[in-house]
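# Summary of structural features
Read off the chains here:
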Amino acid sequence: MAGHSKFKNIMHRKGAQDKKRSGMFSKLSREITVAAKMGLPDPDMNPRLRAAVNAAKAQSMPKDNIQRAIDKASKGDTENYEEIRYEGFGPAGVSLIIEALTDNRNRTATNVRTAVAKNGGNLGASGSVSHAFDRVGLVTYPASAGDGEKVFEAALEAGAEDVTSTEEGHEIWTAVADLHEVAKALEPVLGEAEGAKLAWRPQTMVDVGEGDAATLFKLIDALDDDDDVQTVWGNYEVSDAVMEKLG
């Protein structure tokens, strides 16, 4: 089990989660509703719902909004959302996996394809890039949860497979089947996680230069702006020097 690897899995660039709060709340609400509809409406009895609620709390989503999203599923007053995965390529040959929750497959497909095509990328067939990623569980904590050694020891004890600690926070990686058990075991030691979800972890990374990085971030921002898109995973890595130039 590696402790402090240099691996960075960038779901989206720094700060992306801070913009357009209302759009972020919409995505969080959708995940809560879907999770509640697929299982029991009680977070203590529904691991996916508990993870969705914790993620919403981590983004300071009001309690009333969270409860409203749960109630929407309980009352059956909700659209039939479908989970869809798109795979493709961005600038510099970066591989992208785009996860969406949608009540209109045609609308989402058109929007995703347009956003990718307008920003230097193209969509591929199902399986065109996912073979280069590992399907794993990911539990995230802020840096305030503790230092790298504390988090590593807690993760090891909880049954995790790997840990990545940086100044920005901690990523704890698990086998898919162990995700919620590990997350539950970590709570008494580290507190509630920022997130606990299934993830796509790249097997190799692509270093992206300044020109391609600017286009890549425009692509990811365009996808983030779509209410149907929940998460964008990529095998890209951008150096701190390039990030500084891009502001």
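The following paragraphs examine the structure supplied in this document.

Cut-offs applied
- Residues numbered from 1 in each chain as written.
- Predicted model: local features only at pLDDT ≥ 70, side-chain atom pairs only at ≥ 80, totals over all residues.
- Heavy atoms only, no water.
- Helix = DSSP H or I, 4+ residues; strand = E, 2+ residues; numbered from the N terminus.
- Buried < 20%, exposed > 50% of the residue type's maximum accessible area, 1.4 Å probe, protein only.
- Contact = heavy atoms within 4.5 Å.
- Areas by Shrake-Rupley, 256 points an atom, 1.4 Å probe, with all protein chains shown as cover.
- Pairing = 2+ DSSP bridges.
- Axes fitted to C-alpha atoms, helices over the stretch in contact; angles between N-to-C directions.
- Salt bridge = Lys/Arg side-chain N within 4 Å of Asp/Glu carboxyl O.
- Polar contact = N/O pair within 3.5 Å; in protein donor to acceptor, adjacent residues only side chain to side chain.

Now for the overall build of the chain. Scanning the chain from N- to C-terminus turns up eight helices and ten strands. Across the 247 residues of the chain, 45% fall into the buried class. The long-range share in the chain, meaning contacts at least 24 apart out of those at least 6 apart in sequence, stands at 75%. As presented, the chain carries roughly 12300 Å² of accessible surface, and 48% of it is formed by carbon and sulfur atoms.

A few words on the pairing of strand β5 (residues 162–166). Each regular strand displays side chains that alternate between the two surfaces of the sheet. Across the five residues of β5, four count as buried, placing the element largely inside the fold. Where β5 and strand β6 (residues 169–174) come together, five bridges link them in antiparallel fashion. By the bridge assignment for β6, T164 is matched with E171. Between the antiparallel neighbours β5 and β6 lie two residues.

With that settled, consider the sheet that holds strand β3 (residues 122–124). On the basis of which strands lie adjacent, the open sheet formed by four strands has the order β3-β1-β2-β9 and antiparallel pairing. The open sheet has two free edges, formed respectively by β3 and β9 (229–234), since each of these has just one partner strand. Looking at each pair of strands side by side, their axes are set apart by 30° on average, direction ignored. Relative to β3, strand β1 (residues 82–89) is paired through three bridges, and the arrangement is antiparallel. Counted as the bridge partner of E87 is G124 from β3. Against the sheet, helix α4 (residues 105–117) engages β1, β2 (95–102), β3 and β9, with an angle of about 20° to β1.

This next bit is on the pairing of strand β7 (residues 195–202). β7 sits mainly inside the fold: six of its eight residues count as buried. By the bridge criterion, eight bridges tie strand β4 (residues 133–142) to β7 in an arrangement that is antiparallel. In the sheet register, L138 faces β7, and the bridge partner there is K197.

What follows covers the sheet that holds β6. Two strands in a sheet stick together by hydrogen bonds in their backbones, pointing the same way (parallel) or opposite ways (antiparallel). Read across the sheet, four strands follow the order β5-β6-β4-β7 without closing on themselves; strand pairing throughout is antiparallel. Only two strands of the sheet have a single neighbouring strand rather than two, namely β5 and β7. Here the strands of the sheet are splayed against their neighbours by 30° on average, with no regard to which way each runs. Its contacts with the sheet place helix α6 (residues 179–190) against β4, β6 and β7, and it is angled at close to 20° to β4.

The next point concerns the pattern of salt bridges. Evaluation of the coordinates by the stated rule reveals twelve salt bridges. For E83, the salt bridge identified is with R48, shortest N-O distance 2.9 Å. You can see E83 sitting in strand β1 and its partner R48 sitting in helix α2 (residues 47–58), a full 35 residues away along the chain. According to the relative accessible area criterion, R48 is partly exposed, its value standing at 23%.

Glancing now at the environment of N119. With respect to the element layout, N119 can be found in the loop between α4 and β3. For N119 and A222, which are 103 residues apart along the polypeptide, the C-alpha to C-alpha distance reads 8.6 Å. Excluding its chain neighbours within four sequence positions, the residues that come into contact with N119 are P91, T215, K218, L219 and A222. Here the side chain of N119 touches A115 through a polar contact of 2.8 Å, landing on its backbone oxygen.

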